[in-house]
Amino acid sequence: MQILQPTDEALNRAARILKDGGVVVMPTETVYGLACSALNPEAVRRVYEIKGRPSANPLIVHISEFTQLKAVAESWPKEAEILAKRFWPGPLTLVLPKKAKVPDETTGGLDTVAVRVPDHAIALELIKRSGLPLAAPSANLFMGLSPTRAKDVDEAILVDVEMVLDGGPCLIGVESTVLDLSEEHPRILRPGGVSRADIQAALGRQLGELPPPHLRKSPGMHPRHYAPRAKVVLVKRIDDEAAGLTLSTPTHELQIQMPLDARAYAAGLYSGMRRLDVLGVEEIQVQLPPSTPEWEAVWDRLQKASHPA
Ligand code: TXA
Ligand code: MG
């Protein structure tokens, strides 16, 4: 599959493919997504097949503006409006009661739907030109590293899709924050591009805590996830001769110096691990970042990446 620049013509072709039930790899500000019509059960089934992902694992639906929410969500609380105003377009996904016409395939059989407006011109164009809400999981194989550049999309995915659009590197670099608004107390189901502190500030209240894994209603939150091929080991300080991601001055050519700013770190995390993976290292040592709240999404990804297979 050829990777295309997002020309006007390519965008029109991609929109046509989506309307016809096809699958397109599209850029977003977080990671690349494997997009299809959120309203077409067959197209969604194909996305699961391409990813090798269990079908009880719900997808995120991408819309181009707040008013499109009524196409997929049955209702929403006041908090949804406040958060959308503050963070959309952007890396915040809201879980809301779903409209009946959203197929079970898209929501993994749940009665809720996860929705966001991506902050990426190409994704927004595709939604507008196709006239469809687009379901798009990250464009990685199940449990693997999400691609943050078009050329990082796995060959096994490239061969199965109708088109790949190159939108350059993803600026956020980790997936969106998933916030459950379908129950009384808003709760973060997956930390991500928008921090807990920013959501709490916008709502003027504390967010509920995540329930223990076996009681979570967000399926697909497997302990191992976002993982490169290499074994990931979290350490206080990486060995002088080891390959890895360090916060100090590298002592070896297979060491990547990561930024001490949490957002900048997140933006380079997957591409950094991928770079070492491509070089064929067996083990990636990762120096633990600070444990302050702004690092929550990075910690989540590091813990999942280092979880035994
Ligand atoms: O940044 C992102 O969110 C990227 C880009 C492409 O938008 N997408 C993404 O999708 O990360 P995916 O499918 O890899 O992750 C979706 C997450 C899963 O953890 C899933 O459990 C949760 O969203 N989710 C989706 N629908 C849900 C629902 N109805 N209730 C609870 N959790 C849901
Ligand atoms: Mg994913």
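A quick note: this is a predicted structure, and the numbers were derived from the prediction, not measured.

Calculation notes
- Residues numbered from 1 in each chain as written.
- Chains lettered and ligands numbered in written order.
- Predicted model: local features only at pLDDT ≥ 70, side-chain atom pairs only at ≥ 80, totals over all residues.
- Heavy atoms only, no water.
- Helix = DSSP H or I, 4+ residues; strand = E, 2+ residues; numbered from the N terminus.
- Rg over C-alpha atoms; globule rule 2.2 N^0.38 Å.
- Buried < 20%, exposed > 50% of the residue type's maximum accessible area, 1.4 Å probe, protein only.
- Contact = heavy atoms within 4.5 Å.
- Areas by Shrake-Rupley, 256 points an atom, 1.4 Å probe, with all protein chains shown as cover.
- Lys, Arg positive; Asp, Glu negative; His and termini not counted.
- Charge placed at Lys NZ, Arg CZ, Asp CG, Glu CD.
- 1 Å grid on protein atoms, 1.4 Å probe; cavity = no way out; pocket = protein on both sides within 12 Å on 5 of 7 lines; lining within 4 Å.
- Points joined across faces, edges and corners; volume = space filled by probe spheres on them.
- Nonpolar A, V, L, I, M, F, W, Y, C, P; charged D, E, K, R; others polar.
- Pairing = 2+ DSSP bridges.
- Axes fitted to C-alpha atoms, helices over the stretch in contact; angles between N-to-C directions.
- Arc of directions from axis to C-beta.
- Parallel < 35°, antiparallel > 145°, perpendicular 65-115°, else oblique.
- Left-handed = near helix turned anticlockwise from the far one by under 90°.
- Phe/Tyr/Trp six-rings, centres within 6.5 Å; stacked < 30°, edge-to-face > 60°.

**Student:** Go over the overall build of the chain with me, naming the residues and quoting the values.
**Tutor:** Tallying secondary structure elements over the chain gives nine helices and 14 strands in all. Rg of the C-alpha trace for the chain: 19 Å, near the compact-globule value of 19 Å for 309 residues, within the 12% margin. Projecting the C-alpha coordinates of the chain onto the three principal axes gives extents of approximately 55 × 45 × 30 Å. Here the chain, with 309 residues, has 55% of them falling under the buried criterion. Restricting to contacts in the chain with at least 6 residues of sequence separation, those with at least 24 account for 68%. Accessible area for the chain stands at about 13500 Å²; split by element, carbon and sulfur atoms hold 52% of it. Treating the 35 positive side-chain charges of the chain as one cloud and the 38 negative ones as another, the clouds have centres 3 Å apart.

**Student:** Any chance you could break down empty space enclosed by the protein for me, citing the residues and the numbers?
**Tutor:** Summed over all chains, the structure comprises two cavities of 30 Å³ or more. In this structure, the second largest cavity occupies an estimated 60 Å³ of space. Together, Arg 237, Ile 238, Asp 240, Thr 246, Ser 248, Thr 249, Thr 251, Gln 255 and Gln 287 line the second largest cavity. Counted by class, the lining of the second largest cavity contains one nonpolar, six polar and two charged residues.

**Student:** Which residues make up the sheet that holds strand E13 (residues 255-257), and what values do they have?
**Tutor:** The sheet built from four strands is open, its strands ordered E11-E14-E12-E13 with parallel pairing. For this open sheet the edge positions go to strand E11 (231-235) and E13, each flanked by a neighbour on one side alone. Neighbour-to-neighbour, the strand axes of the sheet open up by a mean angle of 25 degrees, direction not taken into account. Relative to strand E14 (residues 283-287), E11 is paired through five bridges, and the arrangement is parallel. In the strand pairing of E14, Val 233 is matched with Gln 285. Along the sheet face, helix H8 (residues 262-278) touches E11, strand E12 (244-246), E13 and E14 and points at about 150 degrees away from the line of E12.

**Student:** Outline helix H3 (residues 78-87), listing residues and values.
**Tutor:** If you check which residues of H3 are buried, you get Glu 79, Ala 80, Leu 83, Ala 84 and Phe 87. Projected onto a plane normal to the axis of H3, the buried residues spread over an arc of 130 degrees and lie on a single side. Exposed residues pointing more than 90 degrees away from the buried face of H3 are listed as Lys 78 and Lys 85. The secondary structure elements touched by the buried residues of H3 are strand E5 (92-97), strand E9 (177-180) and helix H7 (196-203).

**Student:** Quick rundown of the pairing of E9? Include the residues and the values.
**Tutor:** Side-chain alternation along E9 places Thr 177 and Leu 179 on one buried face and Val 178 and Asp 180 on a second face that is also buried. Taken together, E9 and the strand that follows it, strand E10 (residues 187-190), pair antiparallel across an intervening segment of six residues.

**Student:** Residue-level account of the packing of H3 against H7, with values.
**Tutor:** In contact at an axis separation of 10 Å, H3 and H7 are set at 120 degrees when each is read in the N-to-C sense. When the axis of H3 is compared with that of H7, the two are oblique. Like other packed secondary-structure pairs, H3 and H7 cross with a definite hand, here right-handed. Taken together, the residues of H7 that come into contact with H3 (itself represented by Glu 79, Ile 82, Leu 83, Arg 86 and Phe 87) are Asp 198, Ile 199, Ala 202 and Leu 203.

**Student:** Can you tell me about the side chain of Asp 300, naming the residues and giving the values?
**Tutor:** Residue position: Asp 300 is located in helix H9 (residues 296-305). Residue classification places Asp 300 among the buried positions, given a relative accessible area of 13%.

**Student:** So, the sheet that holds strand E4 (residues 60-62): which residues are in play, and what are the values?
**Tutor:** Reading across the sheet, the 10 strands line up as E1-E8-E2-E3-E7-E4-E6-E5-E9-E10 and stay open at both edges, with mixed pairing between neighbours. The open sheet terminates on both sides in strands that have one partner only, identified here as strand E1 (3-4) and E10. In terms of strand pairing, E5 meets strand E6 (residues 112-116) through four bridges, oriented antiparallel. Among the inter-strand pairings, Val 95 is bridged to a residue of E6, identified as Ala 114.

**Student:** Tell me about the packing of aromatic side chains, residues and numbers included.
**Tutor:** Scanning the model with the defined rule gives three aromatic pairs in all. With 5.7 Å between their ring centres and 80 degrees between their planes, Phe 66 and Trp 76 make a pair best called edge-to-face. With Phe 66 in the loop between E4 and H3 and Trp 76 in the loop between E4 and H3, this residue pair connects regions lying 10 residues apart in the sequence. Residue Trp 76 is classed as partly exposed on the basis of its relative accessible area, which comes to 28%. Consider the rings of Phe 66 and Trp 88, whose centres lie 6.2 Å apart with planes at 50 degrees: the pair is tilted. Of this pair, Phe 66 sits in the loop between E4 and H3 while Trp 88 sits in the loop between H3 and E5, placing them 22 residues apart in sequence. Among the aromatic residues, ring-to-ring pairing joins Phe 66, Trp 76 and Trp 88 into one connected group.

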